[in-house]
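Structure assessment
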Amino acid sequence: MSVTVPLDHNAELRRAGAFAHGFFGQARFLARRYPLGAAGAIILIFFILCGIFAEWVAPMDPLTTNAKYSLAAPSARNWMGADMMGRDEFSRIVHGARISLMVAISATGLGAIFGVSIGLASGYIGGWFDLVFQRVVDVLQSLPLLVMALVITAALGPSLENTIIAIALPLIPSVSRVIRSNTLSLREMPFVEAAQAAGMSEWRIAIRHVLPNTLAPLIVLATAQLGSTILTEASLSFLGLGVPEPHPSWGRMLSESAAEYVRTAPWLVIFPGLAISLIVFGTNLLGDAMRDLLDPRQRS
Amino acid sequence: MDQQVNTQDVLKVNGLTTYFFTRRGVVKAVDDVSFTVRAGETLAIVGESGCGKSITALSLMRLIPSPPGRTIAGTVMLDGTDLLQLSEPKMRQMRGNKISMIFQEPMTALNPLLTIGRQVAETLILHQNMSRQAAQARAVEMLKFVKIPEAEQRAREYPHQLSGGMRQRAMIAMALACNPRVLICDEPTTALDVTIQAQILELIVELQRNFGTAVILITHDLGVVAETAHRVIVMYAGRKVEEASAEELFHRPLHPYMNGLLGSIPRVGLTKRATASEHVALQEIPGIVPALNDLPIGCAFAPRCPNAGDKCRAAIPPFEEKLPGHFAACWHSDVGAKVPT
């Protein structure tokens, strides 16, 4: 905050973002306006960068075992300790970020694409189409996310792609529900009628006028789901159905250690758990800020 | 009304009939309505809420929600093409291009997520095959036409940043962007405050003069009609009950319904300054509009009409020319006619 001299117009204007030009200026203004959202963005960006540059960030190879350091406590060599096979925990968490984020982002994206398409079509077309698809969605929704994912991975077999599909599929119902209900109310808005009166095709109205107006709740939902997909992936891996060995996944790192080493080597539980909590926290903070930001009425 | 009115008929509506088929029966929202509008002319359609004026407008645009609504008869000839016979894609090319419409609520009739400029440009891109840049430039030009100050700046703003009057101007810019032959204004000023109302009406009249557009003005505000319309159609319960030039109608209303409407307008000084002999109480039309799915057999206005007789309750009066250029549907139009003071 700048100094509050009475009637200092420039200070007031600066606070309202009048001088925020260019990308960095805008970013700085937004960060000041939504400090929590900025914190969330920083956490998420931090993990994404970790994932992308894992080879450079991680001091060791996450897959190389070394019996000498089995269950080593955190030290200068192994910052977060080492697991039973002597693999460096810190390096594994850094590489795990890549796997976890890849699964989370692609699963959320996939689920959102299908959910939005079904929800928009359902809400806009209505009639028998709506009836049929919403009943399918009902069936999908009747199973809890985790159980659904379990069934799918069990059926498809554990692999990275199958994990993504297994997590994405149970996301479809909630996304399509939100989009459908929004579409239903938006379809009755005068601007839709005005767009019809301007000679736009139904298709164009749905894509250009209705869809963008449903995106604000979708972003909130998707960021919230991003957190829960990370948790689902962790749970699946915890149960041995997620991303298979030797890829480091936070969930499996947690699961392998939780039962056996929680007393003898608690760092093997604490650090992956911390990583999961932190990224879920970050995505949720970001999601909240995004909702405000995406509404033009909240801007400027 | 002093301007020259082009005598070319732009829009010819004949026997337009739109019914809503609901669980409670057939709602005769628009029943056998005919009229013509000439280039540069303003035709007002007046009547109470629920008399079918808006449905008439939507029928012309073919935007009746279907089901339950359907236009079951009539022709809508726009420059010789019957809109009701066009395929949906062909009709889409007409909407916003040859026949445009502006709505009552300027607050919600614009997409909140697109800038004003984009929304005006969109119709141009759609109908005139303009490039994005050309359309954007033309949009700014249109915003200048409708007298939005700092049009370049406003074009980049979102609807919530504009006042109601500004938004209605933007809507008009959108509707007129493709220079349509017919502009339908459905209660364009109802949601605006009085000073803005006058400005918007003035704007519509001025643009109409410049573009030669035929305007159909739908309103329940007789003040607005007196100010802007050349000819007036009075609708009651889905039917046309009177048609005349605005001047003629206000001076010599033939249908008792129109008479009642005129009597129910409060005038400044009506009660305060009038002497006892001049004192006229504000009249009302007794009763309510009949349900459109349960109309009386005879004249729909008969239950509320002071002159109604047995004949009125038995048969629907024909719509006839009672005086030169003055049409009405009433068995007693000679009795109903009285010159208001």
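Everything here concerns the structure above.
Residues numbered from 1 in each chain as written. Chains lettered and ligands numbered in written order. Predicted model: local features only at pLDDT ≥ 70, side-chain atom pairs only at ≥ 80, totals over all residues. Heavy atoms only, no water.

Points about the overall build of chain B
A count of helices and strands for chain B gives twelve helices and twelve strands. The C-alpha radius of gyration computed for chain B amounts to 21 Å, which stays within 12% of the reference 20 Å derived for 341 residues, consistent with globular compactness. Burial status across chain B gives 52% buried among its 341 residues. Relative to all contacts within chain B whose residues are 6 or more apart in sequence, the contacts with residues 24 or more apart total 66%. In chain B, the 35 positive side-chain charges and the 33 negative ones have mean positions that sit 5 Å from each other. (Helix = DSSP H or I, 4+ residues; strand = E, 2+ residues; numbered from the N terminus. Rg over C-alpha atoms; globule rule 2.2 N^0.38 Å. Buried < 20%, exposed > 50% of the residue type's maximum accessible area, 1.4 Å probe, protein only. Contact = heavy atoms within 4.5 Å. Lys, Arg positive; Asp, Glu negative; His and termini not counted. Charge placed at Lys NZ, Arg CZ, Asp CG, Glu CD.)

A word on a nonpolar patch on the surface
Residues and elements named next belong to chain A. There is a patch of nonpolar side chains on the surface, built from I45, I48, L49, I52, F53, W56, V57 and I105 and spanning about 770 Å² of accessible area. Top element by residues in the nonpolar patch is helix 3 (residues 35-52). It accounts for four residues. With respect to the secondary-structure elements, I48 resides in helix 3. Under the relative-accessibility criterion, I48 is labelled partly exposed at 30%. (Patch = residues over 30% accessible without salt bridge, like charges linked within 9 Å, V, L, I, M, F, W, Y side chains within 5 Å. Areas by Shrake-Rupley, 256 points an atom, 1.4 Å probe, with all protein chains shown as cover. Salt bridge = Lys/Arg side-chain N within 4 Å of Asp/Glu carboxyl O.)

Focus on the interface of chain B and chain A
Taken together, the contact between chain B and chain A spans 26 residues of the former and 21 residues of the latter. Taken together, the connections running from chain B to chain A amount to two salt bridges. Of the charged contacts in the structure, one is a salt bridge between E122 of chain B and R204 of chain A, with a shortest N-O distance of 3.5 Å. Counting every contact that joins chain B to chain A gives seven residue pairs in polar contact (both at pLDDT 80 or more). Broken down by secondary-structure element, the contributors of at least two residues to the side of chain B that touches chain A are helix 1 (53-61), strand 6 (99-102) and helix 3 (116-128) of chain B. The element best represented in the side of chain B that touches chain A is helix 3 of chain B, accounting for five residues. For the side of chain B that touches chain A, the per-class residue count stands at 14 nonpolar, seven polar and five charged. (Polar contact = N/O pair within 3.5 Å; in protein donor to acceptor, adjacent residues only side chain to side chain. Nonpolar A, V, L, I, M, F, W, Y, C, P; charged D, E, K, R; others polar.)

Comments concerning the pattern of salt bridges
With the rule as written, the count across this model stands at 22 salt bridges over all chains. Residues R135 of chain A and D138 of chain A are paired through a salt bridge, measuring 2.8 Å at the closest nitrogen-oxygen approach. Linking R135 of chain A with D138 of chain A, this pair stays in helix 6 (residues 127-142), spanning three residues, or about one helical turn. On the accessibility criterion, D138 of chain A (30% relative accessible area) is partly exposed. As a salt-bridge pair, E157 of chain B and R154 of chain B come within 2.8 Å of each other at their nearest N and O atoms. Given the relative accessible area of 13%, E157 of chain B is considered buried. One continuous salt-bridge network, built from bridges that share partners, spans R38, E41, R231, K240 and E243 of chain B.

Some points on the sheet that holds strand 5 (residues 81-82) of chain B
All names here are of chain B. The strand order across the open sheet built from four strands is 2-1-4-5, with neighbouring strands paired in antiparallel fashion. Two strands lie at the open edges of the sheet, namely strand 2 (25-38) and strand 5, each paired on one side alone. Bridge count between strand 1 (residues 9-22) and strand 4 (residues 69-78): eight bridges; the pairing is antiparallel. Residue pairing for strand 4: T17 is matched across the bridge by A73. Helix 1 rests against strand 1, strand 2 and strand 4 of the sheet, and its axis sits at about 110° to strand 1. (Pairing = 2+ DSSP bridges. Axes fitted to C-alpha atoms, helices over the stretch in contact; angles between N-to-C directions.)

Looking at the sheet that holds strand 10 (residues 239-245) of chain B
All names here are of chain B. Reading across the sheet, the eight strands line up as 6-7-8-3-9-10-12-11 and stay open at both edges, with mixed pairing between neighbours. Of all strands in the sheet, those bounded by a partner on one side alone are strand 6 and strand 11 (320-323). If you compare each strand with its neighbour and ignore which way they point, the axes differ by 25° on average. Judged from the five bridges that link them, strand 7 (residues 182-186) and strand 8 (residues 214-219) form a sheet pairing that is parallel. Residue D186 lies in a different strand from strand 8, and its bridge partner there is I218. On top of the sheet, helix 6 (residues 164-176) reaches strand 6 and strand 7; it is set at about 170° to strand 6, its chief contact.

Topic: helix 6 of chain A
Residues and elements named next belong to chain A. Taking 1.5 Å per residue, 16 residues should reach 22 Å; helix 6 reaches 23 Å between its end C-alpha atoms and fits that length. Looking only at helix 6, the buried set comprises F129, D130, Q134, V137 and L140. Seen along its axis, helix 6 keeps its buried residues to an arc of 110°; they face one direction. Within helix 6, the exposed residues directed more than 90 degrees away from the buried face are W128, L131, V139 and S142. (Expected span 1.5 Å × (residues − 1). Arc of directions from axis to C-beta.)

Quick look at the nonpolar core
Counting 106 residues, the largest nonpolar core has L11, F35, L60, I184 and I216 of chain B as its most contacted members. Sorting elements by how many residues they give to this core places helix 6 of chain B first, with eight residues. Setting aside residues up to four positions removed in sequence, F35 of chain B forms contacts with L11, K12, V13, L43, I45, T56, L60, I216 and I233 of chain B. Of all hydrophobic cores here, the second largest spans 25 residues; its members include A58, I230, V269 and I276 of chain A. (Core = buried A, V, L, I, M, F, W, Y, C linked by side-chain atoms within 4.5 Å.)

A word on unusual backbone geometry
All names here are of chain B. Here N179, not a glycine, exhibits a phi torsion of approximately 55°, which is positive. You can see N179 is positioned in the loop between helix 6 and strand 7. By relative accessible area, which is 42% here, N179 ends up partly exposed. Despite not being glycine, A237 has its phi angle at roughly 50°, a positive value. Structurally, the position occupied by A237 is in the loop between strand 9 (231-236) and strand 10.

Looking at the environment of E89 of chain A
Residue and element names in this part refer to chain A. By secondary structure assignment, the location of E89 is in helix 5 (residues 89-125). A relative accessible area of 2% places E89 in the buried class. Separated by 154 residues in the primary sequence, E89 and V243 place their C-alpha atoms 17 Å from one another. Not counting the four nearest positions on each side in its chain, E89 is found in contact with M80, G81, A82, D83, M253, W267, L268 and P272.

Some details on the packing of helix 5 of chain A against helix 8 (residues 160-168) of chain A
Residue and element names in this part refer to chain A. With their axes 8 Å apart at the nearest point, helix 5 and helix 8 run at an angle of 45° to one another. In terms of orientation, helix 5 and helix 8 fall into the oblique class. For the pair helix 5 and helix 8, the sense of crossing is right-handed. Of the residues in helix 8, those in contact with I99, M102, V103, S106, A107, L110 and G111 of helix 5 are L160, T163, I164, I167 and A168. Residue composition of the contact of helix 5 with helix 8, grouped by class: nine nonpolar, three polar and no charged. (Parallel < 35°, antiparallel > 145°, perpendicular 65-115°, else oblique. Left-handed = near helix turned anticlockwise from the far one by under 90°.)

Re the packing of aromatic side chains
Under the counting rule described, the total for this entry stands at eleven aromatic pairs over all chains. Judged by centre distance (5.5 Å) and plane angle (75°), the rings of F46 of chain A and F47 of chain A are edge-to-face. On the numbers, 6.3 Å between centres and 65° between planes, the contact of Y19 of chain B with F21 of chain B is edge-to-face. (Phe/Tyr/Trp six-rings, centres within 6.5 Å; stacked < 30°, edge-to-face > 60°.)

Description of the side chain of D82 of chain B
Residue and element names in this part refer to chain B. By the element assignment, D82 lies in strand 5. Buried D82, no salt bridge; nearest opposite-charge side chain is R62, N-O distance 7.5 Å. Engagement of the side chain of D82 in a polar contact is seen with the backbone nitrogen of L84, the distance being 3.0 Å. Once residues within four sequence positions are removed from consideration, D82 is found in contact with G74, T75, V76 and M77.

Bear in mind that shape data such as this cannot, by itself, settle questions of function.
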